[in-house]
Amino acid sequence: MTRIIAVAENTFRESIRDKVLYVLLFFAAATIFGSKILGWISIGQDIKIIKDICLAAMSVFGALIAIFIGASLVYKEIDKKTLYTILAQPLHRYEFVLGKYLGLVAIIGVAIVLMTGISVGYLYFMGGAVTLVWFQAILLIFMKLALITAFAILLSALVSPIMGAIIVFCIYVTGHATEVFKDLPPQFDDTISRQVLEIFYYLIPNLNTFNLQSEAANNVPVTGAYVSFALAYGLAWTAMLLILACLAFEGRDV
Amino acid sequence: MTAIVTEGLSKTYKSLGKAPVHSLSDLNLTVEENEVFGFLGRNGAGKTTTIKLLTGLIHPTAGRAALFGTDIITPDARRMVGYMPEQPYFYEYLTPRETIEFYARLRGLTAEEREREWEQISALLDLRDIANRRIRGFSKGMRQRVGFAVALVGDPPLLILDEPMSGLDPLGRRMIRELILQMRDRGKTIFFSSHVLSDVEEICARVGILVSGKLAACDRISALVGDVAKSVEICARGLDSAFIANLGGQVISHEERKEGGHRLVVQDTEAANQLVVEINRAGGTLLSLHPVQESLEDFFTRIQEGAQVALPEEKQPAALAAAEE
Ligand SMILES: Nc1ncnc2c1ncn2[C@@H]1O[C@H](COP(=O)(O)OP(=O)(O)O)[C@@H](O)[C@H]1O
Ligand SMILES: [Mg+2]
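Cut-offs used in this document
Residues numbered from 1 in each chain as written. Chains lettered and ligands numbered in written order. Predicted model: local features only at pLDDT ≥ 70, side-chain atom pairs only at ≥ 80, totals over all residues. Heavy atoms only, no water. Pairing = 2+ DSSP bridges. Helix = DSSP H or I, 4+ residues; strand = E, 2+ residues; numbered from the N terminus. Axes fitted to C-alpha atoms, helices over the stretch in contact; angles between N-to-C directions. Contact = heavy atoms within 4.5 Å. Domains from an automatic or database assignment. Buried < 20%, exposed > 50% of the residue type's maximum accessible area, 1.4 Å probe, protein only. Core = buried A, V, L, I, M, F, W, Y, C linked by side-chain atoms within 4.5 Å. Buried area = accessible area lost by both parts, 1.4 Å probe. Salt bridge = Lys/Arg side-chain N within 4 Å of Asp/Glu carboxyl O. Polar contact = N/O pair within 3.5 Å; in protein donor to acceptor, adjacent residues only side chain to side chain. Nonpolar A, V, L, I, M, F, W, Y, C, P; charged D, E, K, R; others polar. Phe/Tyr/Trp six-rings, centres within 6.5 Å; stacked < 30°, edge-to-face > 60°. Lys NZ or Arg CZ within 6 Å of the ring centre and 35° of its normal. Expected span 1.5 Å × (residues − 1).

> Would you mind going over the sheet that holds strand β13 (residues 262-266) of chain B with me for this structure?
The strands that make up a sheet pair up through hydrogen bonds in the backbone, lying either parallel or antiparallel. Residue and element names in this part refer to chain B. Read from one edge of the open sheet, four strands run β12-β13-β11-β14, paired in antiparallel fashion. Of all the strands in the sheet, the pair left with one neighbour each is β12 (251-256) and β14 (285-291). With strand direction ignored, the average angle separating the axes of adjacent strands in the sheet is 15°. Here β12 pairs with β13 via five bridges, running antiparallel. For E255, the partnering residue across the bridge sits in β13 and is R263. Docked against the sheet, helix α9 (residues 269-281) engages β11 (232-237), β13 and β14, running at close to 5° with respect to β11.

What follows is the structure, encoded as structure tokens:
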């Protein structure tokens, strides 16, 4: 466990020192405030839209961090050969993979906390009320990002960062629209493509499970049971992806 | 106890659409504790492949190996090893101090032990001045020092160094050489690779020579060189052309020296004795006589050439195997 933490801390430190995070946070803040500057909304008028934009910004910028840092996480260490001296230590390979993962999830966590702070302050300033559902929505966004990060790290152990980023991006996009694969129009009935597309439905996590954006915007309460279900769903997917990532890395020559 | 034992250790790289590369074939090697072992070979001979196998970075295609009796496939074997890669790469955004700290944590040292480790290692490798500078701006020599420092973290009994002296200036090479000897005196076993013979000749008790993934020779340097260091060079003055013309078959080569006189090389000491008697009888003057030691360099070249000649035959089975796959 101490070894996992050592790797995680180091990954965290790397991202902080590499300043990628600042750039993304800057854009996130710019988006949130930009909506005001662009004149889409005026004070006290449409809190709903502000909330929508805030949550969308968190989701998108969090995903950008997950995809861009995550997809190169393991690959970069192989490519830059920093891995040699690390794997030559008395350390299991899964400890390395998990450490890298936790480090990045911690980064995303910090980014989310900062963005939450910014958004709450902004909403308060604009005269909006922040209720429990706001934080529930953010918690599920975080869960979603943790899942995306697990996808990214699995791919980073298998393919190049660009390839990995593209695949994870596709998963991110289709993951928000998995119902499409299930509820196909009638002309697909009894065709091979129907079966293939249905397989997709089960291969790609349904990211809409984590989407409480409209509930949060409209201040509609969400049950604790639903949030727990969504968390369990996310954790199950994440665990499976991490196991695959560890297995993929175990037998690999570096 | 033996530090390293390998049995039939082999590595074949296979990649899609390419012929398999037999980087290491059937390596059988033993390195005793507290020995300085030099692992020689040209670029591409398979030195790095061997070292990566020993450190668990890659997995053998066949065969096995153990470090101090622990199989290399278990992480525990890596407790025994400090490893310095060919070009040590570390996190550029860390300082040497943080780097040592990080590796010490991976080795499970407590905070106190880590502190002590830093004190000792930084003093030994002269890292104090650069302790808090990021590695990003470091020169090759500074990186090599950090690399050696990382290999020493946790005080492992075996150091495996991949080309520790390549790319360093003479001062840097001497520093590494002295460090290796210092570590030997502390009881450590050192296994290091090189393609430069002079590095090895001075500090290694034994060397292994790798040619195209096969161990071509492995022995004490004196034994390897001794085999062939029998010819004798004789320089003499005052010999007439009739004498030279009548020289027997035991003279391997002969030439006239620019500064006057002749230089003759004979096969062995017996022939040399005989020739000296003849020179005296003919009224010549003996100038010098000394054995021609074949340097490790010559030996190395000869082994390489031998392997080159043998290569076409060796290649056939590999090609057949590739066709079968
Ligand atoms: N990952 C790899 N995939 C395919 N071939 C490799 C790989 N790594 C090394 N080789 C090949 O194995 C041989 C030995 O390489 P190496 O062990 O690096 O030699 P050395 O360290 O003695 O210079 C070379 O022919 C090299 O091209
Ligand atoms: Mg090499």
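> Which parts of the structure should I look at to understand the domain arrangement of chain B?
Many analyses report the size of an interface as the accessible area lost when the parts associate. What the domain assignment lists for chain B is domain 1 (2-80 + 156-225 + 298-324) and domain 2 (229-293). Here the C-alpha centroids of domain 1 of chain B and domain 2 of chain B sit 41 Å apart.

> When you look at unusual backbone geometry in this model, what are you seeing that I'm missing?
Residues other than glycine predominantly adopt negative phi, and peptide bonds predominantly adopt the trans conformation. The phi torsion at K81 of chain A lies on the positive side, around 65°, for a residue other than glycine. With respect to the secondary-structure elements, K81 of chain A resides in the loop between α4 (73-79) and α5 (82-87). Positive phi, close to 60°, is recorded for N34 of chain B, a residue that is not glycine. Looking at N34 of chain B, the relative accessible area reads 37%, which means it is partly exposed.

> I keep staring at the environment of I162 of chain A and nothing clicks. Help me out?
Structurally, I162 of chain A is set in helix α8 (residues 161-175). Between the C-alpha atoms of I162 of chain A and I67 of chain A, which are 95 residues apart in sequence, the distance is 9.9 Å.

> I keep staring at the nonpolar core and nothing clicks. Help me out?
In globular proteins that are soluble, nonpolar side chains generally tend to be buried together. Core analysis: the biggest nonpolar cluster contains 157 residues, and I65 and F249 of chain A together with F148, I180, F191, F192 and I209 of chain B have the highest contact counts within it. Per-element tally for this core: the top contributor is helix α7 (residues 132-156) of chain A, with 17 residues. Dropping the residues within four chain positions of it, F148 of chain B is found in contact with M84, L125, L159, L161, I176, L179 and M183 of chain B.

> Please clarify how the interface of chain A and chain B should be interpreted in this entry.
Opposite the 31 residues of chain A that make contact, chain B presents 26 residues. Buried surface at the junction of chain A and chain B, summed over both partners, amounts to about 2,800 Å²; 55% is from carbon and sulfur atoms. Viewed at the interface, chain B and chain A are joined by three salt bridges. Linking R13 of chain A and E98 of chain B is a salt bridge whose minimum nitrogen-to-oxygen distance equals 3.7 Å. Our count for the chain A to chain B interface comes out at 14 residue pairs in polar contact (both at pLDDT 80 or more). For the side of chain A that touches chain B, the elements supplying multiple residues, two or more each, are α1 (2-18), α5 and α6 (93-125) of chain A. A total of eleven residues in the side of chain A that touches chain B trace back to one element, the largest contributor, which is α1 of chain A. Its residues placed into classes, the side of chain A that touches chain B shows ten nonpolar, seven polar and 14 charged.

> Can you help me understand the packing of aromatic side chains in this one?
All told, the structure shown has twelve aromatic pairs over all chains when counted by the stated rule. On the numbers, 5.5 Å between centres and 5° between planes, the contact of F37 of chain B with F191 of chain B is stacked. Placement of F37 of chain B in strand β3 (residues 36-40) and of F191 of chain B in strand β8 (residues 189-194) is noted, with a sequence separation of 154 residues between them. Among the aromatic side chains, those forming a connected cluster through ring pairs are F90, Y91, Y93, F102 and Y103 of chain B. One Lys or Arg, R93 of chain A, reaches over the ring of F249 of chain A and ends 5.6 Å from the middle of that ring. Lying over the aromatic face of Y13 of chain B, K11 of chain B brings its terminal NZ or CZ to 5.4 Å of the ring centre.

> Mind showing me how you'd approach the pattern of salt bridges here?
Oppositely charged side chains can pair when the atoms bearing their charge come close. Under the defined criterion, the tally for this structure stands at 22 salt bridges over all chains. Here K11 of chain B and D253 of chain A are joined by a salt bridge, their closest N and O atoms 2.6 Å apart. Within this pair, whereas K11 of chain B is found in strand β1 (residues 2-13), its partner D253 of chain A is found in the segment after α12 (224-250), the two belonging to separate chains. On the basis of relative accessibility, which here comes to 27%, the residue D253 of chain A falls in the partly exposed class. When the shortest N-O distance is used, the salt bridge between D155 of chain B and K188 of chain B registers 2.5 Å. Residue D155 of chain B is found in the loop between α4 (140-152) and β7 (158-161), and its partner K188 of chain B is found in the loop between α5 (170-185) and β8; the two are separated by 33 residues along the sequence. Taking the relative accessible area as the measure of exposure, D155 of chain B reaches 54% and is therefore exposed. Salt bridges sharing partners connect three or more residues here, namely E14, K76, E77 and K100 of chain A.

> Looking at this structure, how should I read the side chain of K11 of chain B?
For K11 of chain B, a relative accessible area of 5% translates into the label buried. Once residues within four sequence positions are removed from consideration, K11 of chain B is found in contact with D253 of chain A together with V21, H22, S23, L24, T49, L53, I58, H59 and T61 of chain B.

> Whenever I open this one, α5 of chain B confuses me. Can you help?
Since there are 3.6 residues in each turn of an α-helix, residues three or four apart along the chain are aligned in direction. For α5 of chain B, which comprises 16 residues, the first-to-last C-alpha distance of 23 Å matches the rise-based estimate of 22 Å (1.5 Å per residue) to within 8%. Contacts from the buried residues of α5 of chain B go to β3, α3 (111-124), α4, β7, β8 and α6 (197-203) of chain B.

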